[in-house]
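Each chain, letter by letter, is given below.
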Amino acid sequence: MAPAWHKQAACKDEDSALFYGPGEDEPRETPKQKETRIERAKEICRRCPVRDECLDFNLQVSAAQHGVAGGLDEDERKSYRRRQQRISARERNAS
């Protein structure tokens, strides 16, 4: 079941291949095609009213999850999660 905020997502009517790439039975994309697809997906995320909720949800589900979610690709989400963990650790150590 999709989270309630999903109904407000800018991507709700978009083809999921835009955010996750071609399926197993589809031709592979070139690096340039992938770069273009990811940039188009991020463009949609930038204007999404529930971008933060999407990012939070996808960070909780799995750091290794592929595709674009919450405006970040998988590598960016991993970096974001590490930064957040460092900030939390510093805050715990400071108290």
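This structure is a prediction, so every number in the text was calculated from the model and none was measured.

Trainee: What am I meant to see in a positive patch on the surface here?
Mentor: A surface patch of like charges, here positive, comprises Lys78, Arg82, Arg83, Arg86 and Arg90. In this fold, Arg86 is placed in helix H4 (residues 74-94). Exposure remark for Arg86: the relative accessible area of 46% places this residue in the partly exposed category.

Trainee: Looking at this model, I keep getting lost on helix H3 (residues 51-61). Mind explaining?
Mentor: Residues spaced three or four apart along an α-helix face the same direction, because each turn holds 3.6 residues. What H3 keeps buried is the set Cys54, Leu55, Asn58 and Leu59. Taken around the axis of H3, the buried residues stretch over an arc of 130°, which confines them to a single face. Those residues of H3 that are exposed and aimed more than 90 degrees away from the buried face are Asp52 and Gln60.

Trainee: I keep staring at the nonpolar core and nothing clicks. Help me out?
Mentor: Nonpolar side chains tend toward joint burial in soluble globular proteins. Counting residues in each nonpolar core, the largest one holds 7 residues, listed as Leu18, Phe19, Ile38, Ala41, Ile44, Cys45 and Val68. Taken together, the elements giving at least two residues each to this core come down to helix H1 (17-20) and helix H2 (31-46). Counting residues per element, this core draws most heavily on H2, at 4 residues. The contact partners of Cys45, leaving out residues within four places of it in the chain, are Phe19, Arg51, Val68, Gly70 and Gly71. Within the second largest apolar cluster, 6 residues are counted, among which are Trp5, Ala9, Cys48 and Ala69.

About the cut-offs
Residues numbered from 1 in each chain as written. Predicted model: local features only at pLDDT ≥ 70, side-chain atom pairs only at ≥ 80, totals over all residues. Heavy atoms only, no water. Patch = residues over 30% accessible without salt bridge, like charges linked within 9 Å, V, L, I, M, F, W, Y side chains within 5 Å. Areas by Shrake-Rupley, 256 points an atom, 1.4 Å probe, with all protein chains shown as cover. Salt bridge = Lys/Arg side-chain N within 4 Å of Asp/Glu carboxyl O. Lys, Arg positive; Asp, Glu negative; His and termini not counted. Charge placed at Lys NZ, Arg CZ, Asp CG, Glu CD. Helix = DSSP H or I, 4+ residues; strand = E, 2+ residues; numbered from the N terminus. Buried < 20%, exposed > 50% of the residue type's maximum accessible area, 1.4 Å probe, protein only. Arc of directions from axis to C-beta. Core = buried A, V, L, I, M, F, W, Y, C linked by side-chain atoms within 4.5 Å. Contact = heavy atoms within 4.5 Å.

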